[in-house]
Amino acid sequence: MKGVLFVLILFPVQASAFLFGMISEKKAGETLSAIEASFSAGDCVAVAGLSEELFREKPSSLMRARAYSYLGRCYEAREMPDKAMIIYKLAHGLYPEDGFFSGRLAAIYLKAGFPALAAPLFEQVLRERSDDIEANTGLARAYAALGFLSKAKSYYSRAVILGDFGDLGLLKEYTAQMLRKRDWEEAELIIGYALRTAPKDAELRGFQARAAAGRGRYEKAAAYMREGLELAPGEKNMALELALLELLAGDHRAALAVVSAPGMENNALAALIRGMAFRKTGDPAAASANLTRAAGMKERPFVAAFAARLLETGGGR
Amino acid sequence: MIFVGFIYIMRRVIIFIAVVLSAATARGAELAKEDEILRELMWDKLSQAAPSARPSVGLALSGGGARGFAHAGVLEALDYAGFPIDKVAGTSMGAVIGALYSSGMSVREILKFAGEASALNVSRDFGGVKFLNLLITDRLITPTYINKFIESNLGGLSIEELKKPFACVAMDFRTGERIVFREGPLAVAVRASVNLPGIFAPLEYRHRYLVDGGIVDFIPVESARALGSDWVLASVTAGSSGELPGNVLLSLLRVIDTQGAMLAKNGERGADFVIRPEVGAIRMTDFEECAAAGEAGLVEASRRVDRAREAYLLFSAYRLLEAL
């Protein structure tokens, strides 16, 4: 008996069988390949079933991590972020050094409206791979959502540089945040890069107008907005913004002309602008009528409140 | 057959509801856009206006010890938004932050102090307090590190010299009177305002024995108005952590804190807009948490700044129209 035991001890067995469980690396590899194939085919039910099978057999740490990544991505692709979050949280707990899980978990937190939870995870990814565009963008967004606009600027800047200024959507997002920060210089710089990609983009003209208005150059801002409207003639909000810019530039009649166009009759902001313009051109009756109209349109609470305030304080006279 | 028909109808109903909801959301976004256009463009005009051409804005900063560093974060968010601040009033830590800001120090520099608060050894002024020592020696201590910080950053300046009109509040320990500093040596005024009673010795100045103003005026809205502010924004860092105080010092601080929170409720009613950073979990003496308090201030103020701008725009509406 002793002899048999001695022979058994000497019998070569894969180390992983002792360390990680009963499954052989070969079988685990086959299951993982099946998981990969099911993932590519978009069959998440199969991915979940096969992963469970794999986990029961206590595979190696590396294989387990790969299975979690397929499972998490599968849930993400099927738009089941709650399930993906559970998987990534578990995997992040098991493999805290693995940047993939931190990055995906951060992205889900950010999308779900938890930027404070996302930010440290993106930071972790960037400590490993500082040139990861997705993590730089994610961290910029998380910081912007929290109000840390100076920090957001650094990461937006890195992300657009890493993307060679080719992502128009990201350039616009960066510009919008710089306008929010009232960093007109940076906003104009980024608009310049964006215009190289999309010279006929109406929204970029709108951004140029905002930056010019921020610097107090209302005539220039109105000119940009007119260019924007030429590129997107039916854009009502651009027309309203143009009217307000004309009013701020002191051209009350031009403002009136824009908001007296067809289609503006039932618009609260148009009524408010008309009210203010009539007041400035010396027509108190028309001013009062339009302000009263705007004040009654409570669906736009701030526009209505502004009009009401003007009426209260004598702006309609 | 009936079941299949039911499923078919249900599907149609669900699709219809989804379409209606999506249209309602789009309409909501469209309407919000008009509010946003008005707010952003009118704000540009208002924030660029000369101080004489718009209602003056006063900032009232509450006490709160280490929590008061949240005011620095609030200032950062207001700075990003281009919020004009014409006059500043502060109590206790609010007086420290307000004085630094009124002296012309940038928000970035003030926030740097928050990050370095541990190294500034301010906590040592509290760490050195031993109840037994207080009983045996029958003497209150001097806040060495706090005084050093105030002297090195504000020493030599007078309130009249500051870039923005400034006021801070202290209390006369003998009479219980509220003392508002609007002139005189800045360092003395700020030291008096931040001087916790019962722990630190009252500051003797002009026959008065001065201690922390948070006991009588936690949030100095009235002082901001007295400086001539037409519209007052208050930053309030009241609240206390749920844990029981572990020693005499912390118990005393908790009493001061609770009193401050009660005063804040009344005081902030006089403000035109209030920002309350979520710093309740930070204790008054947690000076290692100053940076976290600053971040909490920034987060909360960023969340509320659009509403604050709208409130000030509404207040200024008529003057804005006149200026067009």
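Procedures and definitions
- Residues numbered from 1 in each chain as written.
- Chains lettered and ligands numbered in written order.
- Predicted model: local features only at pLDDT ≥ 70, side-chain atom pairs only at ≥ 80, totals over all residues.
- Helix = DSSP H or I, 4+ residues; strand = E, 2+ residues; numbered from the N terminus.
- Buried ≥ 20, exposed ≤ 12 C-beta atoms within 10 Å, placed from the backbone.
- Contact = placed C-beta atoms within 7 Å.
- Rg over C-alpha atoms; globule rule 2.2 N^0.38 Å.
- Core = buried A, V, L, I, M, F, W, Y, C linked by C-beta atoms within 7 Å.
- Domains from an automatic or database assignment.
- Nonpolar A, V, L, I, M, F, W, Y, C, P; charged D, E, K, R; others polar.
- Axes fitted to C-alpha atoms, helices over the stretch in contact; angles between N-to-C directions.
- Parallel < 35°, antiparallel > 145°, perpendicular 65-115°, else oblique.
- Left-handed = near helix turned anticlockwise from the far one by under 90°.
- pLDDT = per-residue confidence, 0-100.
- Pairing = 2+ DSSP bridges.
- Arc of directions from axis to C-beta.

Draft legend 1. Geometry of the overall build of chain B. A count of helical and extended segments in chain B gives eleven helices and eight strands. Counting across all 324 residues of chain B, residues that qualify as buried make up 49%. Sequence-distant contacts, at least 24 apart, represent 80% of the contacts inside chain B between residues at least 6 apart.

Draft legend 2. A look at the overall build of chain A. Along its length, chain A carries 19 helices and zero strands. For 317 residues, the compact-globule estimate of 2.2 N^0.38 gives 20 Å, and chain A exceeds it by more than 25% at 30 Å. Along the three orthogonal principal directions, the C-alpha set of chain A runs to about 115 × 35 × 35 Å. The burial tally for chain A puts 45% of its 317 residues in the buried class. Sequence-distant contacts, at least 24 apart, represent 42% of the contacts inside chain A between residues at least 6 apart.

Draft legend 3. Structural view of the nonpolar core. Counting residues in hydrophobic clusters, the biggest one holds 199 residues, and the most contacted among them are A:Leu245, A:Leu272 and A:Ile273. No other element matches helix α11 (residues 290-323) of chain B, which puts 14 residues into this core. When residues are assigned to domains, this core turns out to be shared by domain 1 (218-264) and domain 2 (267-317) of chain A, each giving three or more. Every residue in contact with A:Leu272, bar those within four places of it in the chain, is listed here: A:Leu291, A:Ala294, A:Val303, A:Phe306 and A:Ala307.

Draft legend 4. Quick look at unusual backbone geometry. Positive phi values are uncommon outside glycine, yet A:Glu79 reaches one of about 55 degrees. Mapped onto the elements, A:Glu79 comes out in the loop between α5 (61-77) and α6 (81-94).

Draft legend 5. Region of the structure containing the domain arrangement of chain A. All names here are of chain A. Taken domain by domain, chain A comprises domain 1 (218-264) and domain 2 (267-317). Each of domain 1 and domain 2 was reduced to a C-alpha centroid, and the two centroids are 18 Å apart. The interface of domain 1 with domain 2 comprises ten residues on the first partner and nine residues on the second. Of all the secondary-structure elements, those providing two or more residues to the side of domain 1 that touches domain 2 are α15 (236-248) and α16 (252-259). Among the elements that take part in the side of domain 1 that touches domain 2, α16 stands out by supplying five residues, more than any other. Looking at side-chain class alone, the side of domain 1 that touches domain 2 contains eight nonpolar, one polar and one charged residues.

Draft legend 6. Spatial organisation of the packing of helix α11 (residues 168-180) of chain A against helix α12 (residues 184-197) of chain A. Residues and elements named next belong to chain A. Running from amino to carboxyl end, α11 crosses α12 at an angle of 160 degrees, the nearest separation of the two axes being 9 Å. Relative to α12, the element α11 is oriented roughly antiparallel. For the pair α11 and α12, the sense of crossing is left-handed. Seen from α11, the contacting residues are Leu168, Leu171, Lys172, Tyr174, Thr175, Met178 and Leu179; seen from α12, they are Glu186, Ala187, Ile190, Ile191, Tyr193, Ala194 and Thr197. Its residues assigned to classes, the contact of α11 with α12 shows ten nonpolar, two polar and two charged.

Draft legend 7. Quick peek at the packing of helix α7 (residues 144-154) of chain B against helix α8 (residues 186-193) of chain B. Residues and elements named next belong to chain B. It is at 9 Å that the axes of α7 and α8 come closest, and there the two elements cross at 150 degrees. Classified by the angle between their axes, α7 and α8 sit roughly antiparallel to one another. Where α7 crosses over α8, the two elements pack in a sense that is right-handed. Of the residues in α8, those in contact with Asn147, Ile150, Glu151 and Leu154 of α7 are Leu186, Ala187, Val190 and Arg191. Residue composition of the contact of α7 with α8, grouped by class: five nonpolar, one polar and two charged.

Draft legend 8. Inspection of the interface of chain B and chain A at higher detail. The interface is formed by 25 residues belonging to chain B together with 35 residues belonging to chain A. Elements with a minimum of two residues in the side of chain B that touches chain A: α1 (2-48), α2 (70-80) and α11 of chain B. Counting residues per element, the side of chain B that touches chain A draws most heavily on α1(B), which supplies twelve residues. Tallied by class, the residues present in the side of chain B that touches chain A amount to 14 nonpolar, three polar and eight charged.

Draft legend 9. Spotlight on the confidence of the model for chain A. Here chain A averages 90 in pLDDT, and 91% of its residues register 70 or above. Residue range residues 4-21 of chain A is modelled with pLDDT below 50. Its contacts to residues more than four positions away, or to other chains, number twelve contacts.

Draft legend 10. The arrangement of the confidence of the model for chain B in detail. Taken over all residues, the pLDDT of chain B has a mean of 84, while the share at 70 or more is 80%. Here the predicted complex carries an ipTM of 0.84, next to a pTM of 0.85.

Draft legend 11. Highlighting the environment of A:Tyr68. All names here are of chain A. As for its placement among the helices and strands, Tyr68 is situated in helix α5. In this structure the C-alpha to C-alpha distance between Tyr68 and Tyr155, which are 87 residues apart in sequence, comes to 29 Å. Among all residues touching Tyr68, those that are not within four sequence positions of it are Ile87 and Ala91.

Draft legend 12. Expanded view of the pairing of strand β4 (residues 178-181) of chain B. With four bridges joining them, strand β3 (residues 166-172) of chain B and β4(B) adopt antiparallel strand pairing. Residue pairing across strands places B:Val169 opposite B:Val180, the latter belonging to β4(B).

Draft legend 13. Representation of α16(A) in the model. All names here are of chain A. Residues of α16 that are buried include every one of Ala255, Leu256, Val258 and Val259, and no others. Taken around the axis of α16, the buried residues stretch over an arc of 160 degrees, which confines them to a single face. At its buried positions, α16 is contacted by α15 and α17 (268-280).

Draft legend 14. Local environment of helix α3 (residues 93-102) of chain B. All names here are of chain B. Burial within α3 is extensive, with ten of its ten residues counted as buried. All buried positions along α3 are accounted for by Met93, Gly94, Ala95, Val96, Ile97, Gly98, Ala99, Leu100, Tyr101 and Ser102. Just downstream of α3, Gly104 is the residue with a positive phi angle, here 105 degrees.

Draft legend 15. Examining the environment of A:Ala28 more closely. As for its placement among the helices and strands, A:Ala28 is situated in helix α3 (residues 25-40). By C-beta crowding, A:Ala28 is classed as buried, having 23 other C-beta atoms within 10 Å.

Draft legend 16. Focus on the environment of A:Ala239. Residue and element names in this part refer to chain A. Inspection of the secondary structure puts Ala239 in helix α15. Note on Ala239: 23 C-beta atoms within 10 Å, which makes it buried. In this structure, the C-alpha to C-alpha distance between Ala239 and Glu299, residues 60 residues apart in sequence, is 20 Å. Not counting the four nearest positions on each side in its chain, Ala239 is found in contact with Leu229 and Val258.

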